[in-house]
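# Observations on chain architecture
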Amino acid sequence: MAGKIKIGVCVMEKKVSSAPMGQILERLEAFGEFEIIIFGDKVILEDPVESWPICDCLIAFYSSGYPLEKAQTYAALRKPFLVNELESQHLLHDRRKVYERLETFGVPVPNYALVNREYPYEELDYFIEQEDYVEVHGKRFLKPFVEKPVDGDDHSIMIYYPSAAGGGMKELFRKVGNRSSEFHPDARRVRREGSYIYEEFMPTGGTDVKVYTVGPEYAHAEARKSPVVDGVVMRNPDGKEVRYPVLLTPGEKQMARDVCLAFRQLVCGFDLLRCGGRSYVCDVNGWSFVKNSYKYYDDAACVLRKMFLDAKAPHLSSTIPPNLPWKVSEFIHSSEGLTRQGSGLIGTFGQSEELRCVIAVIRHGDRTPKQKVKLKVTEEKLLNLMLKYNGGRARTETKLKSAVQLQDLLDATRLLVPRKRSDRESDSETEDIEHAEKLRQVKAVLEEGGHFSGIYRKVQLKPSKWVKISKPDGDGEDERPVEALMVLKYGGVLTHAGRKQAEELGRYFRNNMYPGEGTGLLRLHSTYRHDLKIYSSDEGRVQMSAAAFAKGLLDLEGQLTPILVSLVSKDSSMLDGLEDASIEMDEAKARLHEIITSEGKAVNRNGYAEPPWMVDGAGLPANASELLHSLVNLTKKITAQVKLLAEDEDEKLAVKTLYNVLPHYDQAKALGKTTIDVARIAAGLPCGSESFLLMFARWKKLERDLYNERKARYDITQIPDVYDSSKYDLLHNAHLNLEGLAELFKVAQVLADGVIPNEYGINPRQKLKIGSKIARRLLGKILIDLRNTREEAISIAELKNSQESEYQLRPLNKNEDPRRSSSTSEKSLDQEDDEDRETKYRLDPKYANVRTPERHVRTRLYFTSESHIHSLMNVLRYCNLDESLQGEESLVCYSALERLFRTKELDYMSHVVLRLFENTEVALEDPKRFRMEMTFSRGADLGPLENHDGNAALLHQEHTLPIMGPERLQEAGSYLTLDKFEKMIHQFAMPAEDFPPPVTPQAFAGYFSKSAGMLERLVSLWPFRNSNNNAKQ
């Protein structure tokens, strides 16, 4: 047909034959206004540009083997309208120029620095590499950081992890089969063979966003699983990578416009990182089309048509065809009710109830006993080491944690430890012998595991005595330390059993906490209707428990270090520490000591019948003082046996080196293991990395601290530690056949069951006071989570109701912008992001092949220690005892209060789960619209260990214990509204206004002001809008 606009497609044939390009070219041709001319490889590569076909508009972009300069010559000769400018495509091959151009246009990029080398392995004075950071021109990048080649076509990108998280490096690469990255646990040094960009690692919650522009006023975004998590590509049944469309914020839309204009690439893809309430562009790809989205193909064809007509036939641009000239039967995936209540943990409340929020507070998994060694040091080598790392300040404490620092300490200690133990035991030498033994223990701890990465050890050196010395130049005096206190903390490391427990609990959550999903959580999460955030305290065992749980929850593969860094956020102020309640806890312990040692029983102060948990010291055994005596004797018995094993080991070490005797145990590589080290067990050695010397030191310290023979005084605060050690050895070291260990465990358990709960308050009122102080911040965050969920659900319901009534009452006004309501929704969601500073991924309903895209489930997981679990449980069950709530019933029903009293211990992986349901058939203002459900698990079950049956033998063999299922905290069929829960809890929670201010949102000049709703107007006028409506129902 004469007069058609000629569109030249000057790209490599491989790109022309791709499905997205074919779909869009077919649609353009179907308009009847364009003639598509495909140049082909022979013309592009062999023919002179003068003989190339003449066209009005040109689609031309670089790919492997493409002669970009030749295409530039053609464009200069024929001057067609260029969809993507050719000259600026050169910029995309150099990441340095990409970042420079982005910064020029004010587009946020990650914090970065350049290392330019003129030849491989060139040494640069401005580049410094240390164990846990690199420094470029004085700018320091702490691990984890990202290392990118400056060559934009080199996709080998590295992420280096800190030693505290296990160390190692993850290599990202273009997808090979089902892999997109590989973790290398032993790689720690950065590359030096070329020029690189170093930038901060941005924790994005395990999700990347790909943005696709078609002109400066259209942007489509898709989220996918980030390759940094476990490197396994998520694919659908057709073998294609799973990606789901997500909504961009106004600021991100402005960034898309800026990227498009900055590089003069109208069709352009780029990578977006969402982190801490902000968004950053980390890569620009040039020409990119979305795969497998008919809706996007329709939109792209319409926008490209407008571009071509604006350039070559502007008088036709405003003419919109009444019907799209192609027919596409878009397949809509079937979707059951996303998270229907169905058969929940408590009961059925009707098919109108939907799960909106899951909040879990979880204790870490099985760990090694926590240890501490204190000794006074006067040795010159150790004092000099202290001064080396504190800047030479005589009165300043030094902390040694890095591998280099600990290696220095080990080298010094090896020179100071006597080669042979002294046999003399005279009083005058006892102190020297004890000092030598402690140095030997320090050396053994530092040698444990073979190398330092990923092992939780830290040393403090605190100066305690000084002398005056003359300055070298004779001008005045200086101070020099002559004595310091060395404190070595070690142990408390998550065991193989702890990793297994956490992973299995994550798997249980995946399959049981999200009712109504045939495949559990995974399908929900993959559609980004699942808003997941995981928080952890600062302790290594807690962080690794969180990572192992996430591995099971999301069905991830590989090592824990990348999962930890990608998905787990540390919040020590919310999940660590007992300082706020230290005075009250000291009072409780003093009262506890008084009750136990006075041979008194739990005291009923009121004199009338009360539930057993209401009295002072509830749960303490009546014969506590007798049991204390037995505890001391049995502890001595175990210590004596372990001493013999340690002496035997010491004799072997005198003949052979350490590593010839002990099979090498690499704790860094063991971070992901969930099985025992069979070789060590078979050799009759302690489980894990502990030597007999350290095992003896552990028991000797307990024996010494539990009972002071000179003062004839018991220290009841050691009871939990004796119980901890006996339980650990009964589970992990049963093969050593220590006589009396099982009996010690039983005695320690009875005492610990009485002591531990009472350390957090001697009676319910004190428990409530202490619990509210320790868990105040956590309770505040939980209320924020629940309120945000409710507000989000209400806003979605209101928006849906208004849209339904609007469409029922009148047709859409042609001049009205339908984006008005969606922009309001986006704004409220952005404000919510500011409130709790959490990144969210909103499914875009226009492109999602799901019927209920507005449904959204929030999951918040908080991993912490025993103290916070006790504190949270005490507030939940005793909150009604506060004066302001007198007359109110407890949030926890009476039968559950009885069970909790009998439970005593909140063991490893114990957890509290709060779930929020919305009844969509109840009016928005009705309090019964939102219902709370509370469940609790006491964690690891010691029962099988005590049964001595076949199951116990299997558990002994695997060194692990099963996790107990959830128990109800409410009566079956009861109804706890969110309003009631808030009323009972809010006075014990930190107010929302007391939380730190949110990150200031990035500024933007405006967005799509000219034609924000262009495509929505097209959608509203064309028949294919109907299929989109079906997708929303």
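Relevant structure appears above.
Remember, predicted model here, so these are calculated numbers, not experimental data.

What follows is about the overall build of the protein. Scanning the protein from terminus to terminus reveals 32 helices and 32 strands. In the protein, which comprises 1033 residues, the proportion classed as buried is 55%. In the protein, the share of contacts with a sequence separation of at least 24, taken over all contacts with a separation of at least 6, comes to 74%. Split by element, the accessible area of the protein, about 44,500 Å² in all, is 49% carbon and sulfur.

Below, the discussion takes up the pairing of strand β20 (residues 370-377). Here β20 shows a buried face lined by Q371, V373, L375 and V377 and an unburied face lined by K370, K372, K374 and K376. Examined bridge by bridge, β20 and strand β23 (residues 477-491) share eight bridges and lie antiparallel to one another. Note that in β23 the partner of L375 across the bridge is M486.

What follows covers the pattern of salt bridges. Taken as a whole and judged by the stated rule, the model has 65 salt bridges. Of the charged contacts, one joins E958 and K500 as a salt bridge, the two residues approaching to 3.3 Å between their closest N and O atoms. Here K500 lies in helix α11 (residues 496-512) and E958 lies in helix α29 (residues 950-958), a separation of 458 residues in the sequence. For E958, a relative accessible area of 33% translates into the label partly exposed. A salt bridge links D941 to R938, with the nearest nitrogen and oxygen atoms 3.6 Å apart. Here R938 falls in the partly exposed class, since its relative accessible area comes to 24%. In the salt-bridge network here, residues are joined through shared partners; they are K175, D208, R224, E241 and R243.

The residue after K143, namely P144, is reached through a cis peptide bond having omega 5 degrees. Within the element layout of this structure, P144 appears in the loop between β8 (139-142) and β9 (145-149). Its identity as a non-glycine residue notwithstanding, N292 has a phi of 60 degrees, on the positive side. Following the sequence through the fold, N292 ends up in the loop between β18 (278-286) and α7 (294-312).

As a further point, take the sheet that holds β23. Across the sheet, four strands lie side by side as β20-β23-β22-β21; this open sheet has antiparallel pairing. Among the strands making up the open sheet, the edge pair consists of β20 and β21 (398-400). Neighbouring strand axes in the sheet, compared pairwise and without regard to direction, differ in orientation by 25 degrees on average. Bridging between β21 and strand β22 (residues 458-470) involves three bridges; their strand directions are antiparallel. Within β22, the position partnered with K399 by the bridge is Q460. Packing of helix α9 (residues 403-416) onto the sheet brings it into contact with β21, β22 and β23, and relative to β21 it is tilted by some 100 degrees.

Glancing now at the sheet that holds strand β3 (residues 57-59). Ordered in space as β2-β1-β3-β4, the four strands form an open sheet in which the pairing is parallel. With partners counted over all chains shown, the strands left at the sheet margins are β2 (34-38) and β4 (81-82), one partner each.

Together, K372, K374, K399, K401, K458, K462 and K489 make up a positively charged patch on the protein surface. Broken down by secondary-structure element, the contributors of at least two residues to the positive patch are β20 and β22. Assignment of secondary structure puts K401 in the loop between β21 and α9. The exposed category is assigned to K401, whose relative accessible area is 56%.

A surface patch of like charges, here negative, comprises D473, D475, E477 and D478. For D475, the position within the fold is in the loop between β22 and β23. Assessed through its relative accessible area of 56%, D475 is described here as exposed.

Moving on, we get to the pairing of strand β30 (residues 930-937). Among the eight residues in β30, eight count as buried, and that is most of the element. The pairing of strand β29 (residues 911-919) with β30 spans eight bridges and is classified as antiparallel. Looking at β30, one finds that F917 is bridged to R931. Examined bridge by bridge, β30 and strand β32 (residues 976-977) share two bridges and lie antiparallel to one another. Looking at β32, one finds that R931 is bridged to T977. By the bridge criterion, two bridges tie β30 to strand β31 (residues 967-968) in an arrangement that is antiparallel.

Here we take up a nonpolar patch on the surface. There is a patch of nonpolar side chains on the surface, built from V467, I469 and V482 and spanning about 180 Å² of accessible area. Tracing the sequence through the fold places V467 in strand β22. Accessibility expressed as a relative area gives 35% for V467, which makes it partly exposed.

Here the focus is the side chain of R363. Here R363 is to be found in strand β19 (residues 353-363). Among the residues examined, R363 registers a relative accessible area of 4% and is labelled buried. A distance of 2.8 Å separates the side chain of R363 from the backbone oxygen of L906, its partner in a polar contact. Excluding residues within four positions of it along the chain, R363 makes contact with T864, S865, E866, I869, L906, D907, Y908, M909 and S910.

Remark: helix α13 (residues 540-553) packs on helix α14 (residues 560-567), axes separated minimally by 9 Å, with the N-to-C direction vectors making an angle of 95 degrees. On the basis of the axis angle, α13 is roughly perpendicular to α14. On α14, the residues touching Q543, M544, A547, A548, A550 and K551 of α13 are L560, I563, L564 and L567. Broken down by class, the residue content of the contact of α13 with α14 amounts to eight nonpolar, one polar and one charged.

Each value, and the rule that gives it
Residues numbered from 1 in each chain as written. Predicted model: local features only at pLDDT ≥ 70, side-chain atom pairs only at ≥ 80, totals over all residues. Heavy atoms only, no water. Helix = DSSP H or I, 4+ residues; strand = E, 2+ residues; numbered from the N terminus. Buried < 20%, exposed > 50% of the residue type's maximum accessible area, 1.4 Å probe, protein only. Contact = heavy atoms within 4.5 Å. Areas by Shrake-Rupley, 256 points an atom, 1.4 Å probe, with all protein chains shown as cover. Pairing = 2+ DSSP bridges. Salt bridge = Lys/Arg side-chain N within 4 Å of Asp/Glu carboxyl O. Axes fitted to C-alpha atoms, helices over the stretch in contact; angles between N-to-C directions. Patch = residues over 30% accessible without salt bridge, like charges linked within 9 Å, V, L, I, M, F, W, Y side chains within 5 Å. Lys, Arg positive; Asp, Glu negative; His and termini not counted. Charge placed at Lys NZ, Arg CZ, Asp CG, Glu CD. Polar contact = N/O pair within 3.5 Å; in protein donor to acceptor, adjacent residues only side chain to side chain. Parallel < 35°, antiparallel > 145°, perpendicular 65-115°, else oblique. Nonpolar A, V, L, I, M, F, W, Y, C, P; charged D, E, K, R; others polar.

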